[in-house]
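Coordinate inspection notes
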Amino acid sequence: MTDQLTTITIHGKRCHVYQQEHHPNGAKTAGCMPVFYWGVNRDSKDNIMTVVSYLKEHMPSARFLFTAYETENWNDDFSLWKAEAVFGKDAFGGKAVDTLRWLTEYCMPSVEREMSEIARFPVGYSLAGLFSLWVYCKCDLFAGAVSCSGSLWYEGWLDFMQEWAATVSKRQKNWNSCNQEMEYLYLSLGDKEEKTRQKRLSTVKDCTTKTYALLCGEQAYRKGILEWNRGGHFTNPDLRIAKGIHWILKQFDV
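Nothing here was measured: the structure is a model prediction, and the numbers come from that model.

Time to look at helix α4 (residues 127-138). Taking 1.5 Å of rise per residue, 12 residues should cover 16 Å, and α4 covers 16 Å from first to last C-alpha, within 8% of that figure. Summarising burial for α4: 11 of the 12 residues are buried, a large majority.

Relative to the elements of secondary structure, P34 occurs in strand β3 (residues 33-40). Residues P34 and E117, spaced 83 residues apart in sequence, show a C-alpha to C-alpha distance of 8.7 Å.

Here the focus is the layout of surface pockets. When its volume is computed, the largest pocket comes out at roughly 720 Å³. Forming the boundary of the largest pocket are 29 residues, of which W74, Y125, S126, H233 and F234 lie nearest the centre. Listed by contribution, the elements that provide at least two residues to the lining of the largest pocket are β3, α2 (74-77) and α7 (237-251).

Backbone geometry at D43 places phi at a positive 55°, although glycine is not the residue there. Along the polypeptide, D43 turns up in the loop between β3 and α1 (45-58).

Taken together, 8 strands build an open sheet; the order of strands is β1-β2-β4-β3-β5-β6-β7-β8 and the sheet is mixed. Only two strands of the sheet have a single partner each, and these edge strands are β1 (5-10) and β8 (222-229). Put simply, the sheet's adjacent strands are angled 20° from each other on average, direction ignored. Looking at chain direction, β3 and strand β5 (residues 118-125) are connected through 6 bridges and run parallel. Note that in β5 the partner of Y37 across the bridge is P122. Contacting β3, β4 (64-70), β5, β6 (144-148), β7 (183-190) and β8, α4 runs over the sheet at an angle of about 150° to β5.

Core analysis: the largest hydrophobic core is formed by 51 residues, its most contacted members being W134, W157 and L215. At the level of secondary structure, the elements contributing two or more residues to this core comprise β2 (13-20), β3, β4, α3 (96-111), α4, α5 (157-167), β7 and α6 (204-216). Looking at which element gives the most residues to this core, the answer is α4, with 9 residues. Those residues in contact with W134 that sit more than four places away from it in its chain are L80, W81, A96, V97, L100, W157 and F160. Of all hydrophobic cores here, the second largest spans 33 residues; its members include C32, V40, Y125 and W247.

The subject of this paragraph is the pattern of salt bridges. This structure, assessed with the given rule, holds 10 salt bridges. For R120, the salt bridge identified is with E112, shortest N-O distance 2.7 Å. Neither residue differs from the other here; R120 and E112 are each classed as buried. Through salt bridges with shared partners, a single network forms among R14, D43 and E70.

Next up on the list: the packing of aromatic side chains. Evaluation of the coordinates by the stated rule reveals 20 aromatic pairs. Ring geometry for F78 versus F131: centroids 5.2 Å apart, planes at 55°, classification tilted. You can see F78 sitting in the loop between α2 and α3 and its partner F131 sitting in helix α4, a full 53 residues away along the chain. The same class applies to F78 as to F131, namely buried. One aromatic cluster is present, built from ring pairs that chain together F36, F121, Y184, Y186, W247 and F252. Geometry around W102 places K13 over its ring, the cationic atom sitting 5.6 Å from the centre. We note K205 situated over the ring of W228; from NZ or CZ to the ring centre the distance is 5.7 Å.

Reading guide: rules and limits
Residues numbered from 1 in each chain as written. Predicted model: local features only at pLDDT ≥ 70, side-chain atom pairs only at ≥ 80, totals over all residues. Heavy atoms only, no water. Helix = DSSP H or I, 4+ residues; strand = E, 2+ residues; numbered from the N terminus. Expected span 1.5 Å × (residues − 1). Buried < 20%, exposed > 50% of the residue type's maximum accessible area, 1.4 Å probe, protein only. 1 Å grid on protein atoms, 1.4 Å probe; cavity = no way out; pocket = protein on both sides within 12 Å on 5 of 7 lines; lining within 4 Å. Points joined across faces, edges and corners; volume = space filled by probe spheres on them. Pairing = 2+ DSSP bridges. Axes fitted to C-alpha atoms, helices over the stretch in contact; angles between N-to-C directions. Contact = heavy atoms within 4.5 Å. Core = buried A, V, L, I, M, F, W, Y, C linked by side-chain atoms within 4.5 Å. Salt bridge = Lys/Arg side-chain N within 4 Å of Asp/Glu carboxyl O. Phe/Tyr/Trp six-rings, centres within 6.5 Å; stacked < 30°, edge-to-face > 60°. Lys NZ or Arg CZ within 6 Å of the ring centre and 35° of its normal.

In structure tokens:
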């Protein structure tokens, strides 16, 4: 089993790569490999190691790989389109398209070199959690997504989701070579996150439940869960991410 965190730079972004693979009796394990792409802020190595420790403890025999990639400008890199500031003066630059292009053109080819039978999942917390769902919807390269305390209050998000849900059908699967029929979506939210005086942020519970219904309500080939955690937006974010990845791994029997 390889369990070291390796830090590399891929086309200008610092990335932390962790692979866990169980080799019974020294033989390579066959089967589908879940691969996670997790957007994080700068200097997040301690947070990443918290997630690694959780997964090693709860699924010591699991096979998976994740790449936690750092952003230099959180509000720009993970925002879907330009929007006015919600708190302070930090507006949203709407550069999610650039981040997705970096993922598909540079990060994924580098990380997945010589890999086969994989299923990809974007992962994120807060604004990056919004980005992870948008990435899943925008292209057919992903087998699902993990969105923890996602900023689903974002202006225009529900309009985007409703339009997407009305037009998407069972799409051509380009996300793996595992012959998996199901796609998996994990959403979570703190039970106190809606309790805020900020009007737009106070809609997060309603927006999250509506998003989950649009994604998983009547789709036989999508399996999802909306998990409610205790606390507000800043309560145990590392644990929430770890629980999301853990749930995905359990679906793959890895």
